[in-house]
Amino acid sequence: MNAARLSTVHSLPDATSPASMPGVVDQVALARLYGEPLFAMPSDLYIPPDALEVFLEAFEGPLDLLLYLIRKQNFNILDIPMAGVTRQYLSYVDEIRQRNLELAAEYLLMAAMLIEIKSRMLLPPRKMAEGPEHEDPRAELVRRLLEYEQMKLASMQLNAVPQQGRDFLQAHVYIEQSLQPRLPEVDMNELQSAWRDILKRANLVQHHKISREALSVREHMTLVLKHLQGRKFVAFEHLFDPSLGVPVLVVTFIALLELAKETLIDITQAEAFAPIYVRLAYTPS
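Residues numbered from 1 in each chain as written. Predicted model: local features only at pLDDT ≥ 70, side-chain atom pairs only at ≥ 80, totals over all residues. Heavy atoms only, no water.

**Considerations on the overall build of the chain**
- Within the chain, the regular secondary structure consists of seven helices and seven strands.
- Secondary structure elements of the chain occur, N-terminal to C-terminal, as β-β-β-β-α-α-α-α-α-α-β-α-β-β.
- Residues counted as buried form 20% of the 285 residues belonging to the chain.
- The long-range fraction of contacts in the chain, counting pairs at least 24 apart against all pairs at least 6 apart in sequence, stands at 58%.
- For the chain, the computed accessible surface area is about 22800 Å², with 57% contributed by carbon and sulfur atoms. (Helix = DSSP H or I, 4+ residues; strand = E, 2+ residues; numbered from the N terminus. Buried < 20%, exposed > 50% of the residue type's maximum accessible area, 1.4 Å probe, protein only. Contact = heavy atoms within 4.5 Å. Areas by Shrake-Rupley, 256 points an atom, 1.4 Å probe, with all protein chains shown as cover.)

**A short note on the pattern of salt bridges**
- Inspection of every chain in the model, using the stated rule, returns eight salt bridges.
- Between Asp-64 and Lys-152 there is a salt bridge whose closest N-O contact spans 2.7 Å. With Asp-64 in helix α1 (residues 62–72) and Lys-152 in helix α4 (residues 139–160), this residue pair connects regions lying 88 residues apart in the sequence.
- Residue Glu-147 pairs with Arg-143 through a salt bridge whose shortest N-O separation is 3.0 Å. One end of the pair is Glu-147 and the other is Arg-143, both in helix α4 and four residues apart, which spans about a single turn.
- On the basis of relative accessibility, which here comes to 37%, the residue Arg-143 falls in the partly exposed class.
- Ionic contacts of the salt-bridge type, sharing partners, join the residues Glu-140, Arg-143 and Glu-147 into one network. (Salt bridge = Lys/Arg side-chain N within 4 Å of Asp/Glu carboxyl O.)

**Concerning unusual backbone geometry**
- The phi dihedral of Asn-74 falls on the positive side, at around 60°, and the residue is not glycine.
- Inspection of the secondary structure puts Asn-74 in the loop between α1 and α2 (82–99).

**Regarding the sheet that holds strand β6 (residues 265–269)**
- Read across the sheet, three strands follow the order β5-β7-β6 without closing on themselves; strand pairing throughout is antiparallel. Of all the strands in the sheet, the pair left with one neighbour each is β5 (234–235) and β6.
- Relative to the sheet, helix α6 (residues 217–228) contacts β5, β6 and β7 (276–280), its axis offset from that of β7 by approximately 90°. (Pairing = 2+ DSSP bridges. Axes fitted to C-alpha atoms, helices over the stretch in contact; angles between N-to-C directions.)

**Some remarks on the packing of aromatic side chains**
- Per the counting criterion, the structure on display carries four aromatic pairs.
- Aromatic pair Tyr-92 and Tyr-107: ring centres 6.1 Å apart, planes at 50°, arrangement tilted. Placement of the pair is Tyr-92 in helix α2 and Tyr-107 in helix α3 (residues 101–122), with a sequence separation of 15 residues. In this pair, the class of Tyr-92 matches that of Tyr-107, namely buried.
- Centre to centre, the rings of Phe-236 and Phe-253 are 6.4 Å apart; their planes meet at 85°, and the pair counts as edge-to-face. Within this pair, whereas Phe-236 is found in the loop between β5 and α7 (246–261), its partner Phe-253 is found in helix α7, the two being separated by 17 residues in sequence.
- You can call Phe-253 partly exposed: its relative accessible area is 39%.
- Ring pairs connect the aromatic residues Phe-236, Phe-240 and Phe-253, which therefore count as one cluster. (Phe/Tyr/Trp six-rings, centres within 6.5 Å; stacked < 30°, edge-to-face > 60°.)

Have a look at this one:
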């Protein structure tokens, strides 16, 4: 940030005058300089010109200074009194030119622009027969000032926003893991996906248990004999019950073969492809 500074030097009283001589009471030193006691003010004390400096208003550039002069005196920025503003601006530039010539360079450029605008306003405007209306010499300067003011207000608003490290500090809290367990964050979709994976794995390792059904051929032989008892002929297919399953049908067929082998039943057929009938081979007494 550029700033113009005004230095003032305060003269010291003569070291030889009685008013300037400090009194030494009981040989008590006024101060110590590099460890040595100092009982009187030195007569050759020198204060450089820059020892005491009074800082004027700080500005960020020529436009900032010019806007400050206009706003401070409540001038209309669209109708700037160039004479008064230029006079105040030049007095400020003279002050900073004595302190910092490099700093004054950019301010001098704006001063030249103000003088040019003022001189153009003193001259009568040229009237063109069919040309556009004469533009105010201050128009370009007003445009730049308005844009700069908008940017400055925006920067002030941004600077007013609390900033970490400047307006507040980030709090750091350390909690022991044993005191504050960290629970996992799980949503519904993850639970559904995990459940589908479990079902897939369960289908891959599914066990199929096959058990043998204990069927007795002798028992089914007795059932066939009871079914034939009291009947002359029974159709072969009526001795089988498909609802009992294939193993029962097989055992029933084996039981019929065993009964036929032991000549306990007769299996007859009138001709080829004719129905097959079964009957008891003996008549109970």
